[in-house]
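Below, each chain spelled out in residue letters.
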Amino acid sequence: MSYLSHLNCPECDKSFSADEWRTVCPNCGSPLLARYDLPQARACLDRDAMTVCSTGMWRWRELLPVRDVAHIVTLGEGNTPLLHAPRLGELLGLTHLYVKDEGRNPTGTFKARGIAAAVSRAVELGVLGFVIPTAGNAGGALAAYAARAGLPAHVFMPADAPQSNQREVEMAGAQLHRVNGLISDAGRESARLATESGLFDVSTLKEPYRLEGKKTMGYEIALDLGWQLPDVILYPTGGGTGLIGIWKAIDEMQQLGWIARSVQRPRMVCVQAAGCAPMVKAFEEGRDRCEFFTGAQTIAAGLRVPKPLGDRLILRTLRESNGTAIAVSDDEMITARAQIAAAEGIQACLEGAATVAALRKLIASGWVKPDECVLCLNTGTGFKDPL
Ligand SMILES: *Cc1c(COP(=O)(O)O)cnc(C)c1O
Ligand SMILES: [Zn+2]
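Residues numbered from 1 in each chain as written. Chains lettered and ligands numbered in written order. Predicted model: local features only at pLDDT ≥ 70, side-chain atom pairs only at ≥ 80, totals over all residues. Heavy atoms only, no water.

Caption draft 1: Representation of the site of ligand 1 within the structure. Around ligand 1 sit 16 residues, and of these K111, K214, G239, G240 and T379 come closest. At a separation of 2.8 Å, an oxygen atom of ligand 1 approaches a polar side-chain atom of K111. At 2.9 Å from an oxygen atom of ligand 1 is found a side-chain nitrogen or oxygen belonging to T241. In the complex, 96% of the free accessible area of ligand 1, which totals 380 Å², lies under the protein chains. Counting residues per element, the ones that place at least two in the shell around ligand 1 are β10 (232-236) and α9 (241-255). When grouped by side-chain class, the residues that make up the shell around ligand 1 number 4 nonpolar, 9 polar and 3 charged. (Near = heavy atom within 4 Å. Polar contact = N/O pair within 3.5 Å; in protein donor to acceptor, adjacent residues only side chain to side chain. Areas by Shrake-Rupley, 256 points an atom, 1.4 Å probe, with all protein chains shown as cover. Helix = DSSP H or I, 4+ residues; strand = E, 2+ residues; numbered from the N terminus. Nonpolar A, V, L, I, M, F, W, Y, C, P; charged D, E, K, R; others polar.)

Structure representation (structure tokens):
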């Protein structure tokens, strides 16, 4: 049984029923967040029983939005390894470095978590099909989960998105629309089709449930660290769902009493590509929203998001956590990717490699101390990237 209680707008604080189709806040346009009856969950849920008796992302189902388990659409997402990385750590000058390897998810990236949650809940609410704008991997995941649910999907992707993503969408039987432009242009076209056709738009943060799937990374990190938290988490940020989601999970776990209030929360680091760094710019300028980043270009397709819808939530998370935002070049990602593979045998995607490149800079500047516990999220497998 899910403790989902309602949807809430983090900007204007209006609340809405969670049991009907919802996109963004009808009052102010902000993304909506799923809220749970956490006092009740705290009284009834047994953290250790939940983690002993089942595995994978849906072991947290009471804290996910699907009410009837029969509606869960799964390919076995979640439960990715938290790998201690002593050799890579030594190279960087750290003793407690961890990599959470999200490349082990279905479709090869952590997009599987968010899409599994959103598709499952949409099936439960009776949608007839999906549209999505994507830089690449979210489209691949949507195509896979829509196939699994037996529903149609339309995927709008920049024409220069990775071939691997275009192929996986077509293989899974979804309709691929190649768009001249960026994910922002794809977003306009998919929104138009959603309006015309009544299909459900699963754009990042335009519906509340992808975030819920991605928050399960936060639950897994705490579980794997014995209900402790790292000092620093580095996250390669496009739309920012994982960053916001992990922070939400930490808040929920403290409200549930699963993590002591005395446990220090991690400093969250938003890592972007130098060629598309709207959040870094906004953070450095002390703004609470970002501007559209013109001429966005990077080889890390997942980071090519010129104007994330969740910009306020990302910036708020960085400030609340005493975190920071930092950009790295494509060359630095390529170098880091080789270092990760040679030191630890982990074939990281370019986005994941960006976190290690950023970590090197943060150590050099003294922002990260040698004895701190640091976690880098490798958000996908390197095998989908051009080598
Ligand atoms: C989408 C994606 C990201 C960025 O994730 P957001 O939640 O959009 O910030 C990072 N890495 C990979 C591999 C991705 O596919
Ligand atoms: Zn609102």
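Caption draft 2: Examining the coordination of the zinc ion (ligand 2) more closely. Protein coordination at the zinc ion (ligand 2): the donors are C9 (SG), C12 (SG), C25 (SG) and C28 (SG), at 2.2 to 2.4 Å from the metal. In primary-sequence terms, the residues that donate to the zinc ion (ligand 2) follow C-x2-C-x12-C-x2-C. In this pair, C9 sits in the loop between β1 (4-8) and β2 (15-16) while C28 sits in the loop between β2 and β3 (33-36), placing the two residues 19 residues apart along the sequence. A relative accessible area of 0% means that C9 is categorised as buried. (Donors = N, O, S within 2.8 Å, 3.2 Å for Na, K, Ca; no water. Buried < 20%, exposed > 50% of the residue type's maximum accessible area, 1.4 Å probe, protein only.)

Caption draft 3: Structural view of the sheet that holds β10. Pairing within the open sheet is mixed, and its 6 strands lie in the order β4-β5-β13-β10-β11-β12. Of all the strands in the sheet, the pair left with one neighbour each is β4 (82-84) and β12 (324-328). Here the average twist between neighbouring strands, direction ignored, is 25°. Its contacts with the sheet place helix α12 (residues 330-344) against β4, β11 (267-273) and β12, and it is angled at close to 95° to β12. (Pairing = 2+ DSSP bridges. Axes fitted to C-alpha atoms, helices over the stretch in contact; angles between N-to-C directions. Contact = heavy atoms within 4.5 Å.)

Caption draft 4: Inspection of the sheet that holds β1 at higher detail. Taken in spatial order, the 3 strands line up as β2-β1-β3 in an open sheet, and their pairing is antiparallel. If you trace the sheet from one side to the other, it starts and ends with β2 and β3, each paired once.

Caption draft 5: Just the layout of surface pockets, in detail. Of the voids in this model, the second largest pocket is the one considered here, and its volume is about 250 Å³. Lining the second largest pocket are P10, L33, R35, I244, W247, K248, D251, R265, L313, R316, T317 and E320. Those elements that provide at least two residues to the lining of the second largest pocket are β3, α9 and α11 (311-320). Taken together, the residues of the lining of the second largest pocket break down into 5 nonpolar, 1 polar and 6 charged. (1 Å grid on protein atoms, 1.4 Å probe; cavity = no way out; pocket = protein on both sides within 12 Å on 5 of 7 lines; lining within 4 Å. Points joined across faces, edges and corners; volume = space filled by probe spheres on them.)

Caption draft 6: Structural detail: the pairing of strand β13 (residues 373-378). Burial analysis of β13 places 6 of its 6 residues in the buried class, which makes it a mostly covered element. Pairing between strand β5 (residues 96-101) and β13: 6 bridges, direction parallel. Each residue of the ladder has a partner; that of H96, found in β13, is C373. By the bridge criterion, 3 bridges tie β10 to β13 in an arrangement that is parallel. Counterpart to V232 in the pairing with β13 is V374.

Caption draft 7: Highlighting the pairing of β1. The pairing of β1 with β3 spans 4 bridges and is antiparallel. Paired with L7 across the two strands is A34, which belongs to β3. Sheet analysis places β1 next to β2, joined by 2 bridges and oriented antiparallel. What sits directly across from L7, in β2, is F16. The hairpin turn running from β1 into β2, its antiparallel successor, is 6 residues long, and D13 in that turn takes a positive phi close to 65°.

Caption draft 8: Quick peek at the pattern of salt bridges. In this structure the tally under the stated criterion is 29 salt bridges. Note that K248 is salt-bridged to E212, the shortest N-O span being 2.8 Å. Residue K248 is found in helix α9, and its partner E212 is found in helix α8 (residues 210-224); the two are separated by 36 residues along the sequence. When salt bridges that share partners are traced, they join E11, D288, R312 and R316 into one network. (Salt bridge = Lys/Arg side-chain N within 4 Å of Asp/Glu carboxyl O.)

Remember that the coordinates give geometry; whether it matters functionally is a separate question.
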